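# A structural walkthrough
Now for the letters of each chain:
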Amino acid sequence: MNELDEFRAEVAAWLMENRPRAPDFLLPESFMEVGSDRQFHYLRDWQQQVYEAGYLGMAWPQEYGGGGMDQVYQNIVTDEMARLNVPFMTNTIGLNWAGPLILAIGTDEEKQRYIRNILSAEEIWCQGFSEPDNGSDLGNVQTRAVRDGDEYVINGSKIWTSLGSYAKHMILLARTDPHGENKYAGLSYFLAPMDVAGVRVQPIRKLTGEYGFTQTFFEDARIPASCLMGAEGQGWQIAMSTLTFERGAAGGQAGGLSMVVVRVADVVELARHAMRDGRPSIEDPHVRDELVKFLIEEQGDRLCESRSRIPALCSERPGSIALSGKLRGTELRRRLCQFAISLQGANGALWVGDRDAVADGKWQRSYFNAFSATIGGGTSQVQANIVAERVLGLPKS
Amino acid sequence: MSETPVSSAVNFSDEQSMLLDTAVEFFRDTSPMSYVRSQLATETGFAENLWREMVDLGWLGLAVPEAYGGSGLGLAEAVSIAEPMGRHLCNCPFLSCQMAIQVLLAGGDEQQRGRWLPRLAQGAIASVAVIERDGDWSLVRPTCSAIRQDERIALSGVKTFAVDAGVAELLVVSVEFEGEPALVLLENSGLPEGALTRQRVIDETRRSFRLDLDGIEADAADLITSRAALGALAAIRDTALLLITAEACGGTAGVLDVIVDYLNTRTQFGRLIGSYQALKHPAVDILIGLERARSHLYHAASVIGDAELALGALGMAKAQACDAFAYAGDRSIQFHGAFGFTYECDAQLFLRRALWCQYQFGDALHHRKHLADLLL
Ligand SMILES: Cc1cc2nc3c(=O)[nH]c(=O)nc-3n(C[C@H](O)[C@H](O)[C@H](O)COP(=O)(O)OP(=O)(O)OC[C@H]3O[C@@H](n4cnc5c(N)ncnc54)[C@H](O)[C@@H]3O)c2cc1C
């Protein structure tokens, strides 16, 4: 066994030994759906445990709390977490976008102040980009930030804020100059505290009936001027690099899962037990064909990861695999969950909590929750625009 | 799920990378659309000097062992040639020859290899005839027959899709012999007048023939039988699946270029048509289909030496690549408007090639059916 294989075995053993016991309540399926205190504490404790064992932020600099190791080790850990289906890391926004952003362009002071607590889940981060009237058109955000001495005064509202109820900090995109030469020019980027007067968080109920994200209201909320990242007017540019981390199109993330992994193999299992005309669904030629299509897609995406590490096989369109990753993965997940419901016959219409629901209604809930990722972080349609424009060189819509 | 081995390995050596670079440049230079069109109505479908150059580059001997005058590489390296060849819709007997080479390696005896491999490495052309008039893709149920008559073998029946047979020196033909599938190695020069007739095929770059075996005789020494024959048939299948997948990936990239060019040139309602999402988003779907297909392709190339892994990998690759190409070909017509409906528009050349690839050696549905039995 080589060193990496040994490491993989060690990680797997640790995860098996330490994975938290399944709770007696439903866990969220991604960091975007953490809606109750017990869900939150369960997940926060787990992240803390993983970090303390040295399995998170392994490639981040040691001086800020990281492991200072090569990225391959973290990738192995993340792989094993997926394989063993352990709970995800709830502080995803800190770990995988605010964190790498701070490490990439933040001051030393900001790195000292924030990085370690991101890893330990001591301080949860949320993202204040979307507004009620400005979602896909992010450049149009209207929340105001006005400089007043050594403070900024914030007014406006952010919405669909994942983890908004639990966050200590928000990466906030706000308008410092309403008269910029274009809509992008007047935007600025803040690492804003949530625990100041004038910030109010209101939970929003999701389509599953559970709580998940929040709306955040700013009413003359005063934050220290030192919260400004970069300079005034650089907000758009910094927001764009945040999104590059968020969509996985640039490396540097702390690692770990940010959602429950859904596998085609699980749907194959389901098809073995679901019945059609007195026979298991898995014998139905149409079902078989659909399952194999999913297997081909799933394996195709896995192989795209492998191929993307070989520059000679990506030279024509170097950004293609990374930039299309979110679109491919999230749409596959949504369709797969949708298909899993279709295998259940009349029980496809049952919901979580019914005693006859297949797998406690997990697939129905997963299907609904799958939209979190086809909408959040840039909708699939917007992702398709981005791939078309940046990878294929097509004109803007 | 049953314990079928899965691998996500994609390996690509410097050798393969260099070959790919050379081949990309070679086909871009030698096979522009004007060349492809100039060959549509010719007898052979390719320029003699193009073939000579490929031979001189050593590409025909790539997978032939050094002992027989080749360079001792394998099919994985042949992918580096076939992908850019497909991209430029270049027709030539490269695939047919690779199949014949693999037949000899998998099932040929010493005498058969010694007779043919050195010639094939030097660019002698071969054709493989394993399909019959019913169009069944199953390779192990030939109805054409070979019957022993004293020292000779009498053949009968009709084969179709003997691709490149018109210029081939060697024909590899599947037959039923003593109740089992077998292959017979026929020298083209020994065929009676009229045994080969051109088929009209959807892809006009291709040259495919019907082979009437009635009255043709072979020598018993030219037969490959029983286990060796099954191995050789499997080699034909694997070679075809891998290299057609490579051509289909290349073709998809080629037609995507044609689409993107037009979407960036044609204006309607005062805007470039590429700004309309009804065209733009399907173009992304094509790209995604292509990326997945290429990943499957190079994975299949990486595991081609492992029969167990290769079986699933090749089926997946062929299904993904041919569906992606067929979709791209179909959309390429629509996205060119009435110009797309013309013979002059290059889109039709790609659509024809896409359908050729889809229906050679099993379409996507066929492969998914077999994958279901393997994986579910
Ligand atoms: C579960 C979840 C969690 C989220 N968490 C956060 C968070 O933590 N922080 C945060 O800031 N935001 C968050 N979001 C918000 C998310 O980023 C936005 O929902 C998203 O960017 C889309 O904006 P919108 O909802 O206003 O939809 P709209 O932009 O109004 O879009 C409506 C429809 O129009 C389509 N559309 C819009 N523009 C175009 C176009 N140019 N071309 C084609 N189609 C278009 C969209 O695809 C969509 O189908 C979250 C969303 C969800 C669902």
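Residues numbered from 1 in each chain as written. Chains lettered and ligands numbered in written order. Predicted model: local features only at pLDDT ≥ 70, side-chain atom pairs only at ≥ 80, totals over all residues. Heavy atoms only, no water.

## Quick notes on the site of the ligand
Inclusion rule: Nearness is judged by heavy atoms alone; a residue qualifies as near a molecule or strand once a single heavy atom is within 4 Å of it. Method for areas: the Shrake-Rupley scheme with a 1.4 Å probe, in which residue coverage is limited to the protein chains shown. A run of DSSP states H or I qualifies as a helix once it reaches four residues; a run of E qualifies as a strand once it reaches two. Both are numbered from the N-terminal end. Under this grouping Gly is polar, as are all residues other than the nonpolar Ala, Val, Leu, Ile, Met, Phe, Trp, Tyr, Cys and Pro and the charged Asp, Glu, Lys and Arg.
Taken together, 18 residues are adjacent to the ligand, and Ser130(A), Ser136(A), Trp160(A), Thr379(A) and Gln277(B) come closest. Residues near the ligand are shared among chains A and B, making this a multi-chain site. In isolation the ligand has 960 Å² of accessible area, and contact with the protein removes 68% of it. Counting only elements with at least two residues in the shell around the ligand, the list comes to strand E3 (151-161), helix H10 (362-375) and helix H11 (380-391) of chain A. Considering only residue class, the shell around the ligand consists of five nonpolar, 13 polar and no charged.

## Observations regarding the packing of helix H1 (residues 14-30) of chain B against helix H4 (residues 75-87) of chain B
Residues and elements named next belong to chain B. Our working definition: Here an angle of 0 to 180 degrees is reported between the N-to-C directions of two axes, which are lines fitted to C-alpha atoms, with helices fitted over the stretch in contact. Under this scheme an angle from 65 to 115 degrees is roughly perpendicular, one under 35 degrees roughly parallel, and one over 145 degrees roughly antiparallel; angles in between are oblique. A crossing counts as left-handed when the near helix is turned anticlockwise from the far one by less than a right angle, and as right-handed when that turn is clockwise. The contact rule is simple, with two residues in contact once any of their heavy atoms fall within 4.5 Å.
Where H1 contacts H4, the two axes come as close as 8 Å, and the packing angle between them is 25°. For the element pair H1 / H4, the angle class is roughly parallel. Like other packed secondary-structure pairs, H1 and H4 cross with a definite hand, here right-handed. Side by side, H1 and H4 meet where Gln16, Leu19, Leu20, Ala23, Val24 and Phe27 of the first sit next to Ala76, Glu77, Ser80, Ile81, Glu83, Pro84 and Met85 of the second. Considering only residue class, the contact of H1 with H4 consists of nine nonpolar, two polar and two charged.

## Notes on the nonpolar core
Defined as follows: In this text, buried Ala, Val, Leu, Ile, Met, Phe, Trp, Tyr and Cys residues form a nonpolar core when linked through side-chain atoms within 4.5 Å. The rule is simple: take the accessible area with a 1.4 Å probe, protein chains only, and divide by the maximum for that residue type; under 20% is buried, over 50% is exposed, in between is partly exposed.
Membership of the largest hydrophobic core comes to 137 residues, with the highest contact counts inside it found for Trp51(B), Met54(B), Trp59(B), Phe94(B), Leu186(B), Ile236(B) and Leu242(B). Top contributing element to this core by residue count: helix H7 (residues 226-263) of chain B, with 20 residues. Formed by 80 residues, the second largest nonpolar core is a distinct cluster that contains Val50(A), Met170(A), Phe218(A) and Ala239(A).

## A few points about the side chain of Lys159(B)
Residues and elements named next belong to chain B. Inclusion rule: Throughout this description, a polar contact denotes any pair of N or O atoms lying within 3.5 Å of each other; where both atoms belong to protein, one of them has to be capable of donating a hydrogen while the other can accept it, and for residues adjacent in sequence the pair is counted only when both atoms sit in side chains.
Looking at the element boundaries, Lys159 is found in strand E5 (residues 158-163). Of the polar contacts made by the side chain of Lys159, one reaches the side chain of Glu132; its length is 2.9 Å. Each residue touching Lys159, except ones within four places of it in the same chain, is listed here: Ala129, Val130, Ile131, Glu132, Pro142, Cys144, Val173, Ser174, Phe209, Arg210, Leu211 and Leu213.

## Digging into the domain arrangement of chain A
All names here are of chain A. Selection rule: An automatic or database domain assignment supplies the start and end points of every domain. Summed over both partners, the accessible area (1.4 Å probe) lost when two parts come together is defined as the buried area. When a carboxyl oxygen of Asp or Glu is within 4 Å of a side-chain nitrogen of Lys or Arg, the pair counts as a salt bridge.
Here chain A is described as being made up of domain 1 (3-119), domain 2 (125-242) and domain 3 (264-391). The C-alpha centroid of domain 2 is placed 25 Å from the C-alpha centroid of domain 1. Taking both partners together, domain 1 and domain 2 bury about 1900 Å²; carbon and sulfur atoms supply 64% of that area. Contact with domain 2 buries area across many residues of domain 1, yet Ile93, Leu101 and Tyr114 alone supply 27% of it, more than any other trio. If you look at where domain 1 meets domain 2, you find zero salt bridges. Inspection of the region where domain 1 meets domain 2 yields four residue pairs in polar contact (both at pLDDT 80 or more). For the side of domain 1 that touches domain 2, the secondary-structure elements that each account for two or more residues are helix H2 (37-52), helix H4 (92-105) and helix H5 (108-119). Looking at the side of domain 1 that touches domain 2 element by element, the count peaks at seven residues for H4. Within the side of domain 1 that touches domain 2, the residues separate by chemical class into twelve nonpolar, seven polar and four charged.

## Brief notes about the pairing of strand E6 (residues 199-205) of chain A
Residue and element names in this part refer to chain A. We apply this condition: Only strands that DSSP links by at least two bridges are regarded as paired with each other.
Summarising the sheet, E6 and strand E7 (residues 211-224) pair through six bridges and their orientation is antiparallel. In the strand pairing of E7, Gln202 is matched with Gln215. Once E6 ends, the chain turns through five residues before running back antiparallel as E7, passing Gly209 with a positive phi of about 100°.

## Here we look at the sheet that holds strand E8 (residues 196-198) of chain B
Strand pairing within a sheet occurs via backbone hydrogen bonds; the two strands may be parallel or antiparallel. Residues and elements named next belong to chain B. Reading across from one edge, E2-E5-E9-E8 is the order of the four strands in this open sheet, with antiparallel pairing throughout. Single-partner strands in this sheet number two, and they are strand E2 (131-132) and E8. Relative to strand E9 (residues 208-212), E5 is paired through four bridges, and the arrangement is antiparallel. Across the sheet, residue Val163 finds its bridge partner in E9, namely Ser208.

## Side note on the interface of chain B and chain A
With 46 residues of chain B at the contact, the number on the chain A side is 44 residues. The salt bridge involving Arg288(A) is made with Asp373(B); its shortest N-O contact spans 2.9 Å. There are 23 residue pairs in polar contact (both at pLDDT 80 or more) connecting chain B and chain A. Secondary structure elements with two or more residues in the side of chain B that touches chain A: H1, H7, strand E13 (271-272), helix H8 (277-303), helix H9 (307-334) and helix H12 (364-375) of chain B. If you tally residues by element for the side of chain B that touches chain A, the top one is H8(B), at 15 residues.

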